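# What the coordinates show
Next come the chains, spelled out residue by residue.
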Amino acid sequence: MLAPRLRRGEIIGLASPSCLVTPEWAAPIVSALENMGYAVKLPPNLYARGWGYAASPEQRAADFNALIADPAVRLVFFGGGEGADDLLPLLDYDAARANPKLYLSYSDGTSILNALWANTGIVTYYGQMPGVFPNISRYDLAQFEGSLLDFAGEHVPNTHWRTLTPGTAQGVLTGGYLGNFIFLAATGQIPAPKGGKYVLFLEDHERFNGIEAESALLGRLEQCGIMPHVAGLLFGHYSAPVNADLLNRLRILGEKWRIPVAYCDDFGHGENHAILPIGAPAALDTAACTLRYAWD
């Protein structure tokens, strides 16, 4: 299910399901989005601190559900942090299904984006957070417009891809931040694909997990039940320079599961914030270094 394209003048709703925010944080983001021609809606609990280090799950979910239910809001935009998993049982999936709209986030937002897609069939979008907009790069802006205003037919790279195991893969695109995705897959919140496979995109960063922890996370990914359903994997930015041990670990994973695997710096916690559509039919070619989408 594709929500309507975003148009200039429409309303973007800002949420904060994963971290505390302040008016000082929001002001330059609102100004940047308004200067781009959009209106911005701030929900009533955006600055709440019910738990001290975060608003309560009920406060965060109330804001998110209010944005879901508001037919004037065409894009719900939120960033990362910790705590998005708290909201999954509290989200109004019926309202989301009845009122399809765009959802954009990254990092900890992985959980909400995938849960919305899994429970409603709505394509959601991974890769950007509100904080990039006051000083958005040319590439990130092109990704925002190409993905949400135009529904791009293929991923546009901004870095050199590294082919780790060559091949082609077709399936439904899903993924995000590695730790969140493992949680979703291990708890059955990523459903088995119907009559096909998944094309995965995953990312993490060395400042969160060193190579030993990253290898352990990939081991958990292999044991959480998702890998038999995976046709191919694209891994995003982890470090600069690229970590050779990570590339070797990803190569081992690809060879073990006999799937094509590639690494790039186009998306993740780095300088580039490409947007990837969760739920889109996708074709990955790790030798040709392409990722294409087959929109109906």
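Scroll up a little and you will see the structure.
Description of the structure in this document. This one's a predicted model, so the numbers in the text were calculated from it and none came from an experiment. (Residues numbered from 1 in each chain as written. Predicted model: local features only at pLDDT ≥ 70, side-chain atom pairs only at ≥ 80, totals over all residues. Heavy atoms only, no water.)

This part takes up unusual backbone geometry. The omega torsion of the bond from A240 to P241 falls at 0°, within 30 degrees of zero and hence cis. The topology assignment puts P241 in the loop between β9 (230–237) and α8 (244–257). A positive phi is found at S107, a non-glycine position, where the angle reads about 55°. S107 gets classed as buried once you look at its relative accessible area, which sits at 9%. Positive phi, normally seen in glycine, also occurs at R258, with a value near 55°. Mapped onto the secondary structure, R258 falls in the loop between α8 and β10 (261–268). Judged by its relative accessible area of 79%, R258 is exposed. (Helix = DSSP H or I, 4+ residues; strand = E, 2+ residues; numbered from the N terminus. Buried < 20%, exposed > 50% of the residue type's maximum accessible area, 1.4 Å probe, protein only.)

The subject of this paragraph is the side chain of H155. By the element assignment, H155 lies in the loop between α5 (138–149) and β6 (162–165). Within the local environment of H155, its side chain forms a polar contact with the side chain of D266, the two groups lying 2.7 Å apart. Each residue touching H155, except ones within four places of it in the same chain, is listed here: Y139, W161, D266, A274, L276, L291 and Y293. (Polar contact = N/O pair within 3.5 Å; in protein donor to acceptor, adjacent residues only side chain to side chain. Contact = heavy atoms within 4.5 Å.)

This next bit is on the pattern of salt bridges. Scanning all chains against the criterion turns up seven salt bridges. As a salt-bridge pair, K41 and D70 come within 2.6 Å of each other at their nearest N and O atoms. Placement of the pair is K41 in strand β2 (residues 39–41) and D70 in the loop between α2 (57–69) and β3 (73–78), with a sequence separation of 29 residues. The partly exposed category is assigned to K41, whose relative accessible area is 30%. One salt bridge connects R97 with D94, and the closest N-O pair in it is separated by 3.0 Å. With R97 and D94 both in helix α3 (residues 93–98) and three residues apart, the pair spans about one turn of that helix. (Salt bridge = Lys/Arg side-chain N within 4 Å of Asp/Glu carboxyl O.)

Don't take any of this as a statement about function, it's just geometry.
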